[in-house]
Amino acid sequence: MGLFSSSRRTFLGAATVLAGATRALAAGARPTGGNAVEAGPNIYERLGVRTRINAKGTFTYLTGSLIFPEVSRAMEEAAQHYVYLEELQQKAGEKIAQLLGVEAAMVTSGAAAAIMLGTAACLTGMDPKKVSQLPDLTGLKSEVLIQKSHRNSFDHAIRNAGVRLLEVESRDDLENAFSEKTAMMYFLNAAQHKGQISLEEWVEAGKKHGVVTFNDAAADVPPVEHLSEYTRMGFDLVAFSGGKGLRGPQCAGLMLGRKDLIDAALLNNNPHEDAIGRPCKVGKEEIAGMLAAVERYLQIDHDAEWRDWERRLDAMAAVLTSIPGVTTGRFVPDVANHVPHLYVHWDEQKLGISREQCGKELQDGEPSIEVLVNQYPQGLAVTPFMMKPEEDQIVAGRIKAILTSAKAAG
Ligand SMILES: *Cc1c(COP(=O)(O)O)cnc(C)c1O
């Protein structure tokens, strides 16, 4: 392809952008703003980045969730003024804590940052010398307890603080694992039915030994009650992602819990420069956006939202079960992504297409659709959790077209 044709494309691209902007202004659209009327090529079209329909759930690689309009408005508003970042962190944290009925709260750059900052808080307390020392642990505690079945790729964030993880399995293991080196006890909420030690037992052991308990509940709203349930249960710190079910900014999260620990975590965080949390910067826009997301999330009629998800699954099931040889069923994952899902099952031999092939065709087709291919044993699965309105019909129609043409070809 020659230079001429590529510059011609650029020229045509610019012309289309201009035409789009003119149309948008003529139609009275605001020229900026995430949820403003869209006209002309959007940012992704201009960059040549494909947009995808999300029938899968909250996944960071797929950019999490779509923020509420209230969130983008709050972010835009926050972007127009200077404030002292620490004062904003304090006031927004207090407001979020009050809304959720927890002792203290802070906005982090995500649940992973909350995990690292919570660990750091346990190591340093309010001592600035220790804050600048991390991740060198000379003279500090150095171990975090974790159930073997709760090990996950995000526990790297604990190790970022310099500590090592000590794995336990039984209650006895746990009793024997405590020492003067123990800094914290990490619990993975989504694995609460996997390990031998329950949520309550974890908290009880922490209280008995005077060690901070941390619950990583990153993907665990809905239900909304989870936001205050675990601190009430006695966990000292609890983390949630801002960019998953809460539909706040993707690079934001919440850490909730004891005031002394939140204060110590803030000391380990941006804007303090000689601190382990300096790379986890949260800007005024994310702080304001996270607060708006919490406010919005608490106002939602969660029962009505659930009924709407069910209705959309009904509509999809009706389309899919019209294909001979295809069956569907419902399930709701127990803890994380606790929302209605639909699985689609077929005989791969008879229809001449595997789940993987169908998933690949959905990804590669137009529009591109992301579904759950091998996460659940029952079949290929979809959820309306992160879909936009009307997308359920597009997704069901595409799956039907792929399965039907595979059968015709076979
Ligand atoms: C998504 C996730 C994280 C990381 O959350 P971010 O908000 O993306 O930093 C941590 N732990 C678990 C269990 C998660 O699902």
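None of these values were measured; they are calculated from a predicted model. (Residues numbered from 1 in each chain as written. Predicted model: local features only at pLDDT ≥ 70, side-chain atom pairs only at ≥ 80, totals over all residues. Heavy atoms only, no water.)

**Some details on the overall build of the protein**
What the protein contains, in helices and strands, is 16 helices and 12 strands. In terms of overall dimensions, the protein is globule-like: its C-alpha atoms have a radius of gyration of 24 Å, near the 22 Å expected for 410 residues. With respect to the principal axes defined by its C-alpha atoms, the protein has extents near 65 × 55 × 45 Å. Burial status across the protein gives 49% buried among its 410 residues. As displayed, the protein offers around 19,900 Å² of accessible surface, 53% of which is attributable to carbon and sulfur atoms. Seen as two clouds, the 43 positive and the 51 negative side-chain charges of the protein have centres 6 Å apart. (Helix = DSSP H or I, 4+ residues; strand = E, 2+ residues; numbered from the N terminus. Rg over C-alpha atoms; globule rule 2.2 N^0.38 Å. Buried < 20%, exposed > 50% of the residue type's maximum accessible area, 1.4 Å probe, protein only. Areas by Shrake-Rupley, 256 points an atom, 1.4 Å probe, with all protein chains shown as cover. Lys, Arg positive; Asp, Glu negative; His and termini not counted. Charge placed at Lys NZ, Arg CZ, Asp CG, Glu CD.)

**Considering the sheet that holds strand 9 (residues 326–331)**
As summarised here, the arrangement of the 3 strands in space is 9-10-12, forming an open sheet in which the pairing is antiparallel. The sheet is open, and its two borders are formed by strand 9 and strand 12 (380–382), each paired with just one other strand. Taking each pair of neighbouring strands and ignoring which way they run, the sheet shows an average axis angle of 25°. In terms of strand pairing, strand 10 (residues 341–346) meets strand 12 through 3 bridges, oriented antiparallel. (Pairing = 2+ DSSP bridges. Axes fitted to C-alpha atoms, helices over the stretch in contact; angles between N-to-C directions.)

**Let's talk about the packing of helix 13 (residues 302–320) against helix 16 (residues 391–409)**
For the pair helix 13 and helix 16, interaxial distance at closest approach is 9 Å and the crossing angle is 20°. When the axis of helix 13 is compared with that of helix 16, the two are roughly parallel. Remark: the crossing between helix 13 and helix 16 carries right-handed chirality. Between helix 13 and helix 16, the residues in contact are R312, A315, M316, V319 and L320 and E391, D392, Q393, V395, A396, G397, I399 and K400, respectively. Considering only residue class, the contact of helix 13 with helix 16 consists of 7 nonpolar, 2 polar and 4 charged. (Parallel < 35°, antiparallel > 145°, perpendicular 65-115°, else oblique. Left-handed = near helix turned anticlockwise from the far one by under 90°. Contact = heavy atoms within 4.5 Å. Nonpolar A, V, L, I, M, F, W, Y, C, P; charged D, E, K, R; others polar.)

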